[in-house]
Amino acid sequence: QVRQGRNAREAALGIVANNELPVPLPMTRGQRTGQPGQQLTENLMLRGARGSAASRQMRGFVEEQQQSLRGNVDAIAANVTGGVPPERGAGVAGASERLNTMYDRADAGVNRAYEAARASTGDAILPPGERATASSRVREAVADFDEIDVAPVFRAIDRIGDGNAITARNLFAERSRFVALQKGNDRTAVAAGRAKRALDGYIDEALDRNLFSGDAAAVNLWREAISQRRDFGRQFEAGDLIQKLTQRVNRGGQMQTNLIDPGDAANYVLGRADMGFVGKQNLNRDLERLRGVLGESSGEWNALRGEIFQRVASQGESGVEFGQRQFSGVKFQKAWQDFSRKDPRMASALFSEQERAQIDRFASLAARVTNPVKGGDNPSNTAVAAMRLLGNLRFLRGLPFVKEFATEVEAQVSLGAARAATSPRYARAPMTAPDLSGPARALSSVSRPAAAAVVAGNLPQPPENGRTAQAER
């Protein structure tokens, strides 16, 4: 009987749920066709104008729709993530943790390569004329600093220019001094950072120009060390999001990651607000590079994508109705469209063409089922009271005086829907029921027809042999 009742309701409402979403989203005939009159009838049922039984059925249907909407959000997030969607902040935290693991591994490899090169008996030597070139290149990088204020930096630069020969061992000895000077929080630290970067640039150039000569084994070891250090710099010292997430700072004499708390990483990348990442300068560029470093199919990248989708979807959370928090398709669609319009490159970097098409489809259908067309709702509720009385008169509409009152109420309700659907002037015009005082009021306790028949547009006939609907039940 329950199944038969549900089938009858679905047939009457014209419910269709085959709409190519991960979780089928049921839609009534009014939602599917966009007809204001049909939507108004369904809305009146929901608000109780067709009786409590019809209202319960419609509320049950709305609850099913809400479950489907949230089910689609979860399904899309799971599809993007490739598994269970992460909690808020966990997607960014996972990416940050993976980056720092990669950082530590690469840093250890560079240190081993340096140690092997330093341990060699031979050396890699540059031509004598390169000493002045290397020294001047580094000095230019700190030309705006006072030599007295940052004296340790300039002393290290002067050592690069001393003597005749210049070796890889000498260059990296001074580089180590620059690194040590960077650990402070003063202008010397800033100048040391510039000097180190300038020296790295010169060493990379010398390697590319094949300027190192000397003991073959030593040259190869220094080449390997320099090459690994260069790759490390390109990966983690590019002045972008990856550097920020892996940056080390001196805490109590130990170098630690700058963003220790996972929440700090999430706030830095995506902002504290749900949609704080939209329009953030250079974030689309950083995310594209992050995708390349983590790997497009990596779990960390997909978890980050899943968290971003969930932040967009959270904009669909709306007010409470019938005792439950509602999901607004209109709000979700607006958030998704704003994101796609303001940051199209970021949207393309995060979501594939197929994923974006699926989200577009979901946003469109979600907005359709949670937002009646103009004229498809009666927010003033004046028609609800009128139709409640009208519903009580239907079984007796064969009586002349009942038929007259019923026809007048129905005409006013239908006229209000038509006006609201066609003219903004009447969009919110109240629909006033006629005065049903006197004999008609005594009929208010007569039961109303079945909700499905009302929505289908079938007006029930007067009961045979004078039996009332209450007696038939």
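1. Let's talk about the overall build of the protein chain
When you go through the protein chain residue by residue, the secondary structure sums to 21 helices and 7 strands. Within the span of the protein chain, comprising 473 residues, buried residues form 43% of the whole. Residue pairs at least 24 apart in sequence account for 70% of intrachain contacts in the protein chain once pairs closer than 6 positions are excluded.

2. Examining the layout of surface pockets
For the largest pocket, the calculated volume is near 1000 Å³. If you go around the largest pocket, you meet 32 residues; those closest to its centre are Tyr-103, Val-179, Gln-182, Lys-196 and Glu-237. Mapped onto the lining of the largest pocket, the elements with two or more residues apiece are helix H5 (90–119), helix H8 (168–181), helix H9 (187–208), helix H10 (216–236), helix H11 (241–246) and strand E4 (248–251). Element by element, the count of residues in the lining of the largest pocket is highest for H5, at 8 residues. The volume enclosed by the second largest pocket comes to roughly 620 Å³. Taken together, 26 residues form the lining of the second largest pocket, with Asn-43, Leu-46, Val-369, Thr-370 and Pro-372 sitting closest to its centre. Elements with a minimum of two residues in the lining of the second largest pocket: helix H3 (36–46), helix H4 (52–81), strand E6 (317–321), strand E7 (324–327) and helix H17 (353–370). When residues in the lining of the second largest pocket are grouped by element, the largest group, 5 residues, is from H4. A class-by-class count of the residues in the lining of the second largest pocket yields 9 nonpolar, 12 polar and 5 charged.

3. Details of the nonpolar core
Residues Phe-277, Leu-287, Leu-290, Phe-309, Phe-332, Phe-339 and Phe-362 are the most contacted members of the largest nonpolar core, which totals 86 residues. Contacts of Leu-290, omitting those with residues within four sequence positions, involve Leu-99, Leu-241, Ile-242, Gly-295, Trp-301 and Leu-304. If you look at the next biggest cluster of nonpolar residues, it comprises 6 residues, including Met-45, Leu-46, Met-58 and Val-62.

4. Points about the sheet that holds strand E1 (residues 124–126)
Spatially, 3 strands are ordered E2-E1-E3 in an open sheet, and the strand pairing comes out antiparallel. For this open sheet the edge positions go to strand E2 (166–167) and strand E3 (213–214), each flanked by a neighbour on one side alone. Across 2 bridges, the pairing between E1 and E2 is antiparallel. Bridge pairing in E2 links Leu-126 to Ile-166.

5. Re the packing of helix H7 (residues 151–160) against H8
The interhelical angle for the contact between H7 and H8, taken along N-to-C directions, is 175°, at an axis separation of 10 Å. When the interaxial angle is binned, H7 and H8 end up roughly antiparallel. Counted together, Pro-152, Val-153, Ala-156, Ile-157, Arg-159 and Ile-160 of H7 and Leu-171, Glu-174, Arg-177, Phe-178 and Leu-181 of H8 form the full contact between these two elements. Residue composition of the contact of H7 with H8, by class: 8 nonpolar, no polar and 3 charged.

6. Some remarks on the pairing of E6
Where E6 and E7 come together, 3 bridges link them in antiparallel fashion. Bridged to Glu-321 within E7 is Gln-324. The antiparallel pairing of E6 with E7 creates a hairpin that spans 2 residues between the two strands, and Phe-322 there sits at a positive phi of about 55°.

7. With respect to the pattern of salt bridges
One pass over the structure, following the stated rule, counts 23 salt bridges. Between Arg-70 and Glu-317 there is a salt bridge, and its shortest N-O distance comes to 2.6 Å. Of this pair, Arg-70 sits in helix H4 while Glu-317 is found in strand E6, placing the two residues 247 residues apart along the sequence. Residue classification places Arg-70 among the partly exposed positions, given a relative accessible area of 27%. Classification of Glu-317 by relative accessible area gives partly exposed; the value is 35%. Between Arg-139 and Asp-158 there is a salt bridge whose closest N-O contact spans 2.5 Å. A residue pair is termed long-range when its members are at least 10 positions apart, and Arg-139 in helix H6 (residues 130–141) and Asp-158 in helix H7 qualify at 19 residues. Using a relative accessible area of 36% as the deciding quantity, one classes Asp-158 as partly exposed. Salt bridges linked by common partners bring Arg-175, Asp-200, Asp-204 and Arg-229 together as one network.

8. Re the packing of aromatic side chains
The final tally for this structure, using the stated rule, is 12 aromatic pairs. Arranged with centres 5.2 Å apart and planes meeting at 75°, the rings of Tyr-103 and Phe-236 form a pair that is edge-to-face. Here Tyr-103 is found in helix H5, whereas its partner Phe-236 is found in helix H10, with 133 residues between them in sequence. Judged on exposure class, the residue Tyr-103 and its partner Phe-236 are both buried. Relative to Phe-236, the ring of Phe-232 lies with its centre 5.2 Å away and its plane at 45°, an arrangement referred to as tilted. With Phe-232 and Phe-236 both in helix H10 and 4 residues apart, the pair spans about one turn of that helix. Summarising the burial analysis for this pair, Phe-232 and Phe-236 share the class buried.

9. Comments concerning H10
In an α-helix, one full turn covers 3.6 residues, which means residues spaced three or four apart are oriented alike. Here H10 contains 21 residues, and its C-alpha end-to-end distance of 30 Å stays within 8% of the 30 Å for a straight helix at 1.5 Å per residue. By the N-cap criterion, in which a side-chain oxygen at the helix start approaches the backbone nitrogen of a residue two or three places on, H10 is capped by Asp-215, the distance to Ala-217 being 3.3 Å.

10. A closer look at the confidence of the model for the protein chain
In this model, the protein chain carries an average pLDDT of 79, and 74% of its residues clear a pLDDT of 70 or more. Of the regions scoring below 50 in pLDDT, residues 401–411 engages in 24 contacts with residues more than four places distant in sequence or in other chains. Considering only residues more than four positions removed or in separate chains, one finds that residues 417–473, a stretch of pLDDT under 50, has 96 contacts.

11. A look at H4
Its 30 residues place the ends of H4 43 Å apart at the C-alpha level, agreeing with the 44 Å of an ideal helix rising 1.5 Å per residue. Following H4 by one or two positions, Gly-82 adopts a phi angle in the positive range, close to 85°.

Reading the values: rules and limits
Residues numbered from 1 in each chain as written. Predicted model: local features only at pLDDT ≥ 70, side-chain atom pairs only at ≥ 80, totals over all residues. Heavy atoms only, no water. Helix = DSSP H or I, 4+ residues; strand = E, 2+ residues; numbered from the N terminus. Buried < 20%, exposed > 50% of the residue type's maximum accessible area, 1.4 Å probe, protein only. Contact = heavy atoms within 4.5 Å. 1 Å grid on protein atoms, 1.4 Å probe; cavity = no way out; pocket = protein on both sides within 12 Å on 5 of 7 lines; lining within 4 Å. Points joined across faces, edges and corners; volume = space filled by probe spheres on them. Nonpolar A, V, L, I, M, F, W, Y, C, P; charged D, E, K, R; others polar. Core = buried A, V, L, I, M, F, W, Y, C linked by side-chain atoms within 4.5 Å. Pairing = 2+ DSSP bridges. Axes fitted to C-alpha atoms, helices over the stretch in contact; angles between N-to-C directions. Parallel < 35°, antiparallel > 145°, perpendicular 65-115°, else oblique. Salt bridge = Lys/Arg side-chain N within 4 Å of Asp/Glu carboxyl O. Phe/Tyr/Trp six-rings, centres within 6.5 Å; stacked < 30°, edge-to-face > 60°. Expected span 1.5 Å × (residues − 1). Polar contact = N/O pair within 3.5 Å; in protein donor to acceptor, adjacent residues only side chain to side chain. pLDDT = per-residue confidence, 0-100.

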